[in-house]
Each structure stands twice: as structure tokens, then as C-alpha cells.
Amino acid sequence: VQLQASGGGLVQVGGSLRLSCVASGRTDDNDERGWFRQAPGKEREFVATISRNGGVTYYAAMLKGRSTISRDNAKNTVYLQMNSLKPEDTAVYYCAASTRIGTIFVDSIRYDYWGRGTLVTVSS
């Protein structure tokens, strides 16, 4: 499975971005999908995850209420809509996929496939 994230860019404080992550290769709708981010000098951290059928979502506290994760299995695509962006949201955002049994994974170790990441820069 190959994951390609896009949609990052430079945005002002309070702005919005929608990130996309398209899966290719051996793809199906049985993968749990998630978003993580890594800011300069910091460890990668969990952002949001969505269940296989899109019915359950879970967010990290720092973006809860400001972001929405969704998926379109017909397009093998997961989205992360982020609103009211803050300078501390500046990071490289990575999408990930997990084929493991279970759902709603917040630990990066649970994910089998990773995209290259897309840079989000929030300017003040």
C-alpha cells in the first residue's frame, strides 16, 4: 500500500486547510486510517483516526473541535479538515494505514503503512 498525502501549505492563524491522503496498491476499505504530525524538534504525535467504515472517529485533544477526519472508501481517500489553525499546528502531517485487528489506534506502532507527509505552516 502506498499513501500519498497532500493539501499542506502556508496559512495564516485562524485559517483552514484540508489534507487528503490517497491510498494505492493493495487497497481496500479494511484499513484503519490515521493522521499524525511531527513538529520541528519534536516527536511524532497522534492527530486523528477513523474506523474502517468511517463510523467512528477519535481525535487528539489539541485538535479536537477544530478538525474533522473523514473518508471516501470509493476513492481510497481519507481527509483531515483543520480549522482555526494556530502556529503550534505547524508540522509535517503524515497519514497512515493499519490492517491490524481492532479499531481506533492512537499509537503509531499500530500502523503498517505511512505516507511521506505534507507540510503545514501556520504563520502569525
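Residues numbered from 1 in each chain as written. Predicted model: local features only at pLDDT ≥ 70, side-chain atom pairs only at ≥ 80, totals over all residues. Heavy atoms only, no water.

What follows concerns unusual backbone geometry. Of note, the phi angle at asparagine 76 is positive, near 55°, even though the residue is not glycine. Mapped onto the elements, asparagine 76 comes out in the loop between strand S7 (67–72) and strand S8 (77–82). For asparagine 76, a relative accessible area of 23% gives the class partly exposed. The phi dihedral of isoleucine 104 falls on the positive side, at around 55°, and the residue is not glycine. Its location among the elements puts isoleucine 104 in the loop between strand S9 (91–98) and strand S10 (113–114). (Helix = DSSP H or I, 4+ residues; strand = E, 2+ residues; numbered from the N terminus. Buried < 20%, exposed > 50% of the residue type's maximum accessible area, 1.4 Å probe, protein only.)

So, on to the state of the cysteines. The full count for this structure, using the stated rule, is 1 disulfide. Disulfide pairing is shown between cysteine 21 and cysteine 95; the S-S distance is 2.1 Å. One disulfide, between cysteine 21 and cysteine 95, carries an S-S torsion of 60° and so falls in the right-handed class. Of the two residues, cysteine 21 sits in strand S3 (residues 17–24) while cysteine 95 sits in strand S9, which places them 74 residues apart along the sequence. (Disulfide = S-S within 2.5 Å.)

Further remarks concern the packing of aromatic side chains. In this structure the tally under the stated criterion is 6 aromatic pairs. Ring plane angle 80° and centroid distance 5.3 Å describe the contact between phenylalanine 36 and tyrosine 111, whose orientation is recorded as edge-to-face. In this pair, phenylalanine 36 is assigned in strand S4 (residues 32–38) and tyrosine 111 in the loop between S9 and S10, connecting sequence segments 75 residues apart. In this pair, the class of phenylalanine 36 matches that of tyrosine 111, namely buried. With centroids separated by 6.2 Å and ring planes inclined at 90°, the aromatic side chains of phenylalanine 105 and tyrosine 111 adopt a geometry described as edge-to-face. A residue is classified by how much of its surface remains accessible, and phenylalanine 105, at 5% relative accessible area, is buried. Each residue in the set Phe36, Phe46, Tyr58, Phe105, Tyr111 and Trp114 is aromatic and connected to the rest through ring pairs, giving one cluster. Over the face of the ring belonging to tyrosine 94 we find arginine 44, whose NZ or CZ atom lies 4.0 Å from the ring centre. The lysine or arginine in question, arginine 44, covers the ring of tryptophan 114, its NZ or CZ lying 4.7 Å from the ring centre. (Phe/Tyr/Trp six-rings, centres within 6.5 Å; stacked < 30°, edge-to-face > 60°. Lys NZ or Arg CZ within 6 Å of the ring centre and 35° of its normal.)

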